[in-house]
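# Architecture and fold: a report
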Number of protein chains: 2
Amino acid sequence: MKRSVFFVSDGTGITAETLGHSLLAQFDNLEFEENTLPYIDTVEKAEAVVREINRVAALDEARPIIIDTIVDKSIRQVIAGANGYMMDVFDTFVEKLQTELCLAPTNTVGKTHSIVDNKHYNVRIDAVHFALDNDDGARTRHYDKADLILVGVSRSGKTPTSLYMALQFGIHVANYPLTEDDFDDLRLPASLREHKSKIYGLTIDPQRLSAIRNERRANSTYASLGQCQKEVRAVEAMFNREGVPFIQTTHLSIEEISTRIMATNGLKRRSLPI
Amino acid sequence: MKRSVFFVSDGTGITAETLGHSLLAQFDNLEFEENTLPYIDTVEKAEAVVREINRVAALDEARPIIIDTIVDKSIRQVIAGANGYMMDVFDTFVEKLQTELCLAPTNTVGKTHSIVDNKHYNVRIDAVHFALDNDDGARTRHYDKADLILVGVSRSGKTPTSLYMALQFGIHVANYPLTEDDFDDLRLPASLREHKSKIYGLTIDPQRLSAIRNERRANSTYASLGQCQKEVRAVEAMFNREGVPFIQTTHLSIEEISTRIMATNGLKRRSLPI
């Protein structure tokens, strides 16, 4: 039986969705139909949400689950009138925090995920541009300004990881692709050697690499399993020989690759969480 | 008085941090020192966390706040022994969900933010590469495969927004920079006209644009307030004349720009939440 779930928020919906998805992942033998309804910041919009939830409730065999992060009590009360099982995040936790902090909440709607301070915000935008400017070894002269330099063979996940770390944490990440030219002596390219403390390697299972490369260039030598095996073997030998820390990305999401590298490397976020 | 906060997780820490930051934002007249401790997945690591929390507790005037998303009860119990005020997310919500769903949780550690399914995961990576390949009007021939085409003047936020939507939602976003050449007749460039239903404009306050451009190219004509005013006036006139929907990005985060565009345009995420 499928259960419908509604993440309802007066802002972007990111908190409700992130938390809700984590909770539902604990029941992975059940199928959920997830809906995110952001910017529900008036009673009228909340009434429309209630109509939608009730419509789905009438179709489903069980009442929908509602996970909301709405600050305004009057809007929350409207949602509570829907035919669903409501888990109210702010109601649950803000009151506890209020008691602990001996302070009333300011009840600011849409406070999260909004720009509190341009200075902190620019950190992320600057980091995105840094990642793009220093993507794929395009330029190596800014490596002194990098917090981290990701190295690995083509399509091992360097670019998405750099961009995620920039957007999420404001970290300056350059990346450099290692190619066959670099494998002759199994030493790091000269442009990287002086920044060795910032270098982190990505590696990947050759089978998976071949599948990814085939999507880009089907049936090419570049995508062949033989080529992928050769490159991965060489790159791992280089990492070991040079003492470059590296991570196996095959079964990891960008979020996991990023946070694991930060945890092992002691890298801290530069931007405030948003 | 500053309060220390610890977000403790057995996975990436993203859920604990996102939720915790949302909750703390409700008390914006207090200063918080936020610490994220990911991958706390053994009793030994939990004991080290307790020592760290106790160390901070001894220095601070008030006990730290602990917000955790740890699945394993025995690890959670170790954390609960720290000198802090603990808000346990899974303990609070998973039991409620269990009752509602009439189903025991599978208690899988690190389930969120991990790759459940390569197919769904590739959607995001493909979307990142789509955004990069179609960034800044570099190529216009893939616009038929775009879900959205962002247009706006240089540095109005197109690239970071495209990348965020790719990473977070797996949406294929191209972007096209509008320059003075495009403002002669205030009509959309020919390459965009046939994709009009996918086009969304970004605009920005000229003062803020000038500040952003000055960081890139200080004291240039490009960054001058006069130039920014001229471009913004022209681009808004074009949007109005062509009936292109547009959003004012000046005070919005990338998260807000993205989710607002998706909400008004009816765009749905292509990837599962992760």
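Residues numbered from 1 in each chain as written. Chains lettered and ligands numbered in written order. Predicted model: local features only at pLDDT ≥ 70, side-chain atom pairs only at ≥ 80, totals over all residues. Heavy atoms only, no water.

### Brief notes about the domain arrangement of chain A
We apply this condition: The split into domains, and so the bounds of each, comes from an automatic or database assignment of domains.
What the domain assignment reports for chain A is domain 1 (2-101) and domain 2 (118-265). Here the C-alpha centroids of domain 1 of chain A and domain 2 of chain A sit 39 Å apart.

### A short note on the interface of chain B and chain A
Many descriptions give the size of an interface as the accessible area lost when the pieces come together. Heads up, the rule is: In this analysis, two residues are considered to be in contact whenever any of their non-hydrogen atoms come within 4.5 Å of each other. Accessible area, probed at 1.4 Å, shrinks when two parts are joined; the buried area is that loss added up over both. The rule for a salt bridge is simple: a side-chain nitrogen of Lys or Arg has to be within 4 Å of a carboxyl oxygen of Asp or Glu. Working definition: helices are DSSP H or I runs of at least four residues, strands are E runs of at least two. Numbering for both runs from the N terminus. The classification used treats Ala, Val, Leu, Ile, Met, Phe, Trp, Tyr, Cys and Pro as nonpolar, Asp, Glu, Lys and Arg as charged, and all other residues, Gly among them, as polar.
Residue-level contacts link 83 residues of chain B with 83 residues of chain A. In total, about 7700 Å² of surface goes out of reach between chain B and chain A, with carbon and sulfur atoms giving 63% of it. A salt bridge links A:Arg124 to B:Glu255; the shortest N-O distance between them is 2.7 Å. Mapped by element, the contributors of at least two residues to the side of chain B that touches chain A are helix 1 (14-24), strand 2 (31-37), strand 4 (85-88), helix 4 (89-101), helix 5 (118-133), helix 6 (158-169), helix 8 (206-216) and helix 10 (254-265) of chain B. Considering only residue class, the side of chain B that touches chain A consists of 38 nonpolar, 25 polar and 20 charged.

### A word on the confidence of the model for chain A
Heads up, the rule is: The predictor's confidence in any single residue is recorded as pLDDT, a number from 0 to 100.
Looking at chain A, the pLDDT average stands at 92 and 95% of residues meet or exceed 70. Across chain A, the element-wise mean pLDDT spans from 86 in helix 5 (residues 118-133) of chain A up to 98 in strand 7 (residues 199-203) of chain A.

### A closer look at the sheet that holds strand 3 (residues 65-69) of chain A
All names here are of chain A. The following threshold applies: Strand pairing is assigned whenever DSSP detects at least two bridges linking the two strands. Think of each axis as a best-fit line through the C-alpha atoms, taken over the contacting stretch in the case of a helix, with angles from 0 to 180 degrees between the N-to-C directions.
Strand order in the open sheet formed by four strands is 2-1-3-4, and the pairing between neighbours is parallel. Only two strands of the sheet have a single partner each, and these edge strands are strand 2 (31-37) and strand 4 (85-88). On average, each strand axis in the sheet is tilted by 20° relative to the strand beside it, whichever way the strands run. Two strands pair when backbone bridges link them, and strand 1 (residues 2-9) and strand 3 are joined in this way by five bridges, in the parallel orientation. Bridging from a neighbouring strand, Phe-7 pairs with Ile-67 of strand 3. Against the sheet, helix 1 (residues 14-24) touches strand 1, strand 2, strand 3 and strand 4, its axis set at about 150° to strand 1.

### What about the UniProt feature "binding site: ADP" (unreviewed entry) in chain A?
Residues and elements named next belong to chain A. Filter applied, for reference: UniProt positions are given in the numbering used here, feature names are shortened, and annotations may be inferred rather than shown by experiment. Whenever two N or O atoms come within 3.5 Å, that pair is a polar contact, provided that in protein one can donate a hydrogen and the other can accept it, and provided that, for residues adjacent in sequence, both atoms are side-chain atoms.
Here the UniProt feature "binding site: ADP" (unreviewed entry) sits at Gly-152, Val-153, Ser-154, Arg-155, Ser-156, Gly-157, Lys-158 and Thr-159. Mapped onto the secondary structure, Lys-158 falls in helix 6 (residues 158-169). Sequence-distant contacts of Lys-158, that is, excluding residues within four places in its chain, are made with Asp-136, Leu-150, Val-151, Gly-152, Val-153, Asn-175, Tyr-176, Pro-177 and Leu-202. Here Gly-152 takes part through its backbone oxygen, which lies 3.4 Å from a polar atom of the side chain of Lys-158.

### Overview of the packing of helix 2 (residues 43-59) of chain B against helix 3 (residues 73-80) of chain B
To characterise two packed helices, one gives the angle between the axes of the helices and the distance between these axes. All names here are of chain B. Let me state the cut-off plainly: For this classification, under 35 degrees means roughly parallel, over 145 means roughly antiparallel, 65 to 115 means roughly perpendicular, and everything else is oblique. Here is the rule for handedness: rotate from the far helix to the near one, and if that takes an anticlockwise turn smaller than a right angle the crossing is left-handed, while a clockwise turn gives right-handed.
Running from N to C, helix 2 and helix 3 cross one another at 15°; their axes reach a closest spacing of 8 Å. Classified by the angle between their axes, helix 2 and helix 3 sit roughly parallel to one another. For the pair helix 2 and helix 3, the crossing hand works out as right-handed. Residue-level contacts link Val-43, Ala-46, Glu-47, Val-49 and Val-50 of helix 2 to Ile-75, Val-78 and Ile-79 of helix 3. Classifying every residue of the contact of helix 2 with helix 3 by side-chain character gives seven nonpolar, no polar and one charged.

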